[in-house]
Amino acid sequence: MSPPAFDPAHPDDKGAALGGVHIKYLRHCPRQLWLYARGYRPEHRSDLVAFGEVVADTTFTRRREIDLGEAKIDWVTAGAVVHETKSSRTPSPAHAAQVRHYCLLLERRGIAVRGGTVHYPLIRRTTDVPWDEAARAEAEDTEDEARAVIAAATAPPRLARAKCRGCSYLDYCWGD
Ligand code: SF4
């Protein structure tokens, strides 16, 4: 059975699940994570999100998604190596953080993890994400950071407007 979803009212509940989206949003914008954790879901209105789903669906059609409950991993190869596909043309630390989080979730389920790879089909590039003691510590620190953001009583400040480009929360934050 999957662990329970993260509850902002109980930020110290280490058994509660944080998914890959929590980590991605934390690294993109803490405010985005805070809003997402409170159930605000504007993604269906975002053309960028839809585009990302199309790229993921059409690039590796033979791969099977691994559903951990709190997180969906694009696919895992023997080793185990976690694979994540991004529609972005620009590799980002947020993508590596998401993959490290998946490595952590798999390891907690008793799986020996070797590392991860982020795939960028639009630029035909891959980025390897090592998994070792330092990476594990970083993933655990990132989880703690996400829990602290979610538990905050008020929303973190907005980013500078220029950094909000393409964010699915633009309407909420800027009233566009
Ligand atoms: S619109 Fe900007 S401030 Fe609001 S959640 Fe998105 S990135 Fe953060």
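Before any of the text, the structure's been laid out above.
Residues numbered from 1 in each chain as written. Predicted model: local features only at pLDDT ≥ 70, side-chain atom pairs only at ≥ 80, totals over all residues.

### What about the sheet that holds strand E5 (residues 115-120)?
Thought 1: With respect to topology, four strands assemble into an open sheet ordered E3-E4-E5-E6, the strand pairing being mixed. The open sheet is flanked by strand E3 (75-77) and strand E6 (125-130), the only strands paired with a single partner. Taken pair by pair, the neighbouring strands of this sheet meet at an average axis angle of 25 degrees, ignoring direction.
Thought 2: By the bridge criterion, three bridges tie E3 to strand E4 (residues 81-85) in an arrangement that is antiparallel. Bridge pairing in E4 places Thr77 opposite Val81.
Thought 3: Strands in contact with helix H4 (residues 93-108) are E4, E5 and E6; relative to E4, the strand with the most contacts, it is inclined by about 140 degrees. (Pairing = 2+ DSSP bridges. Helix = DSSP H or I, 4+ residues; strand = E, 2+ residues; numbered from the N terminus. Axes fitted to C-alpha atoms, helices over the stretch in contact; angles between N-to-C directions. Contact = placed C-beta atoms within 7 Å.)

### Description of the site of the ligand
Thought 1: Around the ligand, a shell composed of Cys29, Arg31, Gln32, Arg158, Leu159, Cys164, Cys167, Tyr169, Leu170 and Cys173 is seen.
Thought 2: Residue classes in the shell around the ligand are distributed as seven nonpolar, one polar and two charged. (Near = placed C-beta within 6 Å. Nonpolar A, V, L, I, M, F, W, Y, C, P; charged D, E, K, R; others polar.)

### A closer look at H4
Thought 1: In this model, H4 (16 residues) spans 23 Å end to end at C-alpha, consistent with the 22 Å of a helix rising 1.5 Å per residue.
Thought 2: For H4, the tally of buried residues reaches twelve of 16 residues, placing the bulk of the element in the interior.
Thought 3: Those residues of H4 that fall on the buried side of the exposure criterion are His95, Ala96, Ala97, Gln98, Val99, Arg100, His101, Tyr102, Cys103, Leu104, Leu105 and Leu106.
Thought 4: Residues of H4 that are buried in the fold lie against helix H1 (20-28), strand E2 (72-73), E4, E5, E6 and helix H5 (133-151).
Thought 5: The positive-phi residue at the C-terminal boundary of H4 is Gly110, with phi of around 85 degrees. (Expected span 1.5 Å × (residues − 1). Buried ≥ 20, exposed ≤ 12 C-beta atoms within 10 Å, placed from the backbone.)

### Thoughts on the pairing of E6
Thought 1: The pairing of E5 with E6 spans six bridges and is classified as antiparallel. Considered in E6, the bridge of Thr117 is made with Asp128.

### Some words on the environment of Arg124
Thought 1: On the secondary structure map, Arg124 appears in the loop between E5 and E6.
Thought 2: Classification of Arg124 as exposed rests on a count of 7 C-beta atoms within 10 Å.
Thought 3: When the C-alpha atoms of Arg124 and Arg89 are compared, they prove to be 9.1 Å apart, with 35 residues separating the residues in sequence.

### Section: unusual backbone geometry
Thought 1: A cis amide bond, omega -5 degrees, links Gly79 with the succeeding residue Ala80.
Thought 2: Looking at the element boundaries, Ala80 is found in the loop between E3 and E4.
Thought 3: Although it is not a glycine, Arg124 adopts a positive phi angle of roughly 55 degrees.

### Focus on the packing of H1 against H4
Thought 1: Where H1 contacts H4, the two axes come as close as 9 Å, and the packing angle between them is 150 degrees. Taken as axis vectors, H1 and H4 run roughly antiparallel relative to one another. As H1 packs across H4, the resulting crossing turns out to be right-handed. Between H1 and H4, the contacting residues are Gly20, Ile23, Lys24, Arg27 and His28 on the first element and Pro93, Ala94, Ala97, Gln98, His101 and Tyr102 on the second.
Thought 2: For the contact of H1 with H4, a count of residues per class yields five nonpolar, four polar and two charged. (Parallel < 35°, antiparallel > 145°, perpendicular 65-115°, else oblique. Left-handed = near helix turned anticlockwise from the far one by under 90°.)

The quantities given are spatial measurements derived from coordinates; they are silent on function.
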